[in-house]
Amino acid sequence: MRRGVAALVSLPALVALTGLSACASGPEAKPVAATRSAEDAGVPETIAPDAAALAEPEPPPPVYVAPPKIALVLGGGGARGFAHVGVLRVLAEEKIPIDLVVGTSVGSVIGALYAAEPNVFELEWKAFEIEKDDFIDYSLFSAKTGPVKGEAIQAFVREHVKQQNIEEFPVRYVAVATDLATGRRVEFSSGPVVDAVRASVAIPGVFTPAQVGGRALVDGGVVANIAVDTARAHGADLVIASNISHRVVNTDLNDVVDITLQSITIMMAEMAAEQLRDADVVVTPPISDVGTLDFSQKKRCMTAGIESARAQVPAIRKAIEAYYYARGGVPPVNLVPPE
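Residues numbered from 1 in each chain as written. Predicted model: local features only at pLDDT ≥ 70, side-chain atom pairs only at ≥ 80, totals over all residues. Heavy atoms only, no water.

Novice: Even after reading the chapter, I still don't get the packing of helix 3 (residues 82–93) against helix 5 (residues 120–129), so can you show me in this structure?
Specialist: Each pair of packed helices gets described by two things: the angle between the helix axes and the distance between those axes. It is at 10 Å that the axes of helix 3 and helix 5 come closest, and there the two elements cross at 165°. Classified by the interaxial angle, the pair formed by helix 3 and helix 5 is roughly antiparallel. As helix 3 packs across helix 5, the resulting crossing turns out to be left-handed. Facing Phe-82, Val-85, Leu-88, Arg-89 and Ala-92 of helix 3, the residues of helix 5 in contact are Val-120, Leu-123, Glu-124 and Ala-127. Partitioned by chemical class, the residues of the contact of helix 3 with helix 5 number seven nonpolar, no polar and two charged. (Axes fitted to C-alpha atoms, helices over the stretch in contact; angles between N-to-C directions. Helix = DSSP H or I, 4+ residues; strand = E, 2+ residues; numbered from the N terminus. Parallel < 35°, antiparallel > 145°, perpendicular 65-115°, else oblique. Left-handed = near helix turned anticlockwise from the far one by under 90°. Contact = heavy atoms within 4.5 Å. Nonpolar A, V, L, I, M, F, W, Y, C, P; charged D, E, K, R; others polar.)

Shown next, in the form of structure tokens:
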């Protein structure tokens, strides 16, 4: 009896033990989460960043920009015009190209000498040869319209300017004069250079007006002593102005010619202040105490022009750089044009 009970009790236990043993000896169960993808588990997938996507985009290549057309505007001022020669020397030394020269009065003389032969060494030699008698030739017979005939300056131009006509110059050139009858500006960009210079230097009340094409013409300083707008109208992108009429003081006023010249100078200086606002760079040599007919201070005026121009070279280069950047290019001007 006891043996049967024991058998009955041990049979279920044996079955339970057998099941446990089977579970223990079967294949190992794996966690459900381990067999599910990160997406199925609701966990965002981590993606390694693309190095190329994080890199800063390369800037677009610079576009070709044509070099700027640079104009040099030379104002009037008699003997102070020797400062223009110094300005031209510095521009040549700094290799700043001049595509157009615009001159008024003595500026038309210096401008013609350079534009006809753009060599600053030759220009300096020719400039130092200029004397008062090359500009001023008094005549009692012409005193009614002006005591100075103007034939001397014509002879000087014929002797020192190789080309007879402006359109033959290697550098573009414009001389500014004034129509005495109408007050309108007259611009000489072609034709005989002798006529252009003679008209441009004809200070009213001092020179007999120039007769050109049936018109009586006088000094361009009457309407534009520093003709920056003329340079713009002739295609200049950048304008450098040489101003020699700034606050001119002259206490040596002995005759009607001196008084007339100083009066004209004062008028021109007032007008120039407005005209200079449109220039990119202004060179103003400190020679305000040099008289209009004082040809004894050539060297001083030229030296002042050199020093003042050198001081403005950084401003000139900055203006050239700004020209390129504003058009999507880069300085310097050695970019190759597109084919």
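Novice: What is the right way to read the packing of aromatic side chains from this model?
Specialist: For any pair of aromatic rings, the description rests on two quantities: the centre-to-centre distance and the angle between the ring planes. One pass over the full model with this rule turns up four aromatic pairs. Judged by centre distance (5.7 Å) and plane angle (45°), the rings of Phe-135 and Phe-295 are tilted. Here Phe-135, found in the loop between helix 5 and helix 6 (151–160), pairs with Phe-295, found in the loop between strand 8 (281–283) and helix 11 (298–326); they are 160 residues apart in sequence, far enough to count as distant. Taking relative accessible area as the criterion, Phe-135 reaches 9% and is therefore assigned buried. For Phe-295, a relative accessible area of 11% puts it in the buried group. Consider the rings of Phe-169 and Tyr-173, whose centres lie 5.6 Å apart with planes at 50°: the pair is tilted. In this pair, the class of Phe-169 matches that of Tyr-173, namely buried. Here the aromatic residues Phe-82, Phe-135 and Phe-295 are joined through ring pairs into a cluster of three or more. (Phe/Tyr/Trp six-rings, centres within 6.5 Å; stacked < 30°, edge-to-face > 60°. Buried < 20%, exposed > 50% of the residue type's maximum accessible area, 1.4 Å probe, protein only.)

Novice: How should the confidence of the model for the protein be read in this particular structure?
Specialist: Any region with low pLDDT has predicted coordinates that should not be read closely. Put simply, the protein has an average pLDDT of 83, and 78% of its residues get 70 or more. Long-range and interchain partners of residues 1–27, a stretch whose pLDDT sits below 50, account for zero contacts in this model, where long-range means more than four residues apart. Counted against residues more than four places away or in other chains, residues 334–338, with its pLDDT under 50, gives six contacts. (pLDDT = per-residue confidence, 0-100.)

Novice: I keep staring at unusual backbone geometry and nothing clicks. Help me out?
Specialist: In terms of backbone geometry, most residues other than glycine have negative phi values and most peptide bonds are trans. Residue Lys-95 is not a glycine yet carries a positive backbone phi of 55°. If you trace the backbone, Lys-95 turns up in the loop between helix 3 and strand 2 (100–104). The class of Lys-95 is exposed, set by a relative accessible area of 72%. A positive phi angle, close to 55°, is found at Ser-105, a residue other than glycine.

Novice: Got a minute to help me understand empty space enclosed by the protein in this structure?
Specialist: Empty pockets left among the atoms are what a rolling probe the size of a water molecule brings to light. Going through the model one piece at a time under the given rule, you end up with two cavities of 30 Å³ or more. Looking at the largest cavity, its volume works out to about 220 Å³. If you go around the largest cavity, you meet 24 residues; those closest to its centre are Gly-78, Ser-105, Ile-203, Leu-261 and Thr-292. The greatest single-element share of the lining of the largest cavity, amounting to five residues, is contributed by helix 10 (residues 256–275). Across the lining of the largest cavity, the residue classes tally to 14 nonpolar, eight polar and two charged. Empty space within the second largest cavity amounts to approximately 40 Å³. Lining the second largest cavity are Ile-70, Leu-238, Ile-240, Asp-280, Val-281, Ile-316, Ala-319 and Ile-320. Elements that contribute at least two residues to the lining of the second largest cavity include exactly strand 7 (238–242) and helix 11. The leading source of residues in the lining of the second largest cavity is helix 11, at three residues. (1 Å grid on protein atoms, 1.4 Å probe; cavity = no way out; pocket = protein on both sides within 12 Å on 5 of 7 lines; lining within 4 Å. Points joined across faces, edges and corners; volume = space filled by probe spheres on them.)

Novice: I tried to follow helix 3 on my own but got confused; where do I start?
Specialist: Since one α-helical turn is 3.6 residues long, residues separated by three or four positions face the same way. Under the 1.5 Å per step criterion, the end-to-end length of helix 3 is 17 Å for 12 residues, consistent within 8% with the ideal 16 Å. Along helix 3, the positions that sit buried rather than exposed are Phe-82, Ala-83, His-84, Val-85, Gly-86, Val-87, Leu-88, Val-90 and Leu-91. (Expected span 1.5 Å × (residues − 1).)

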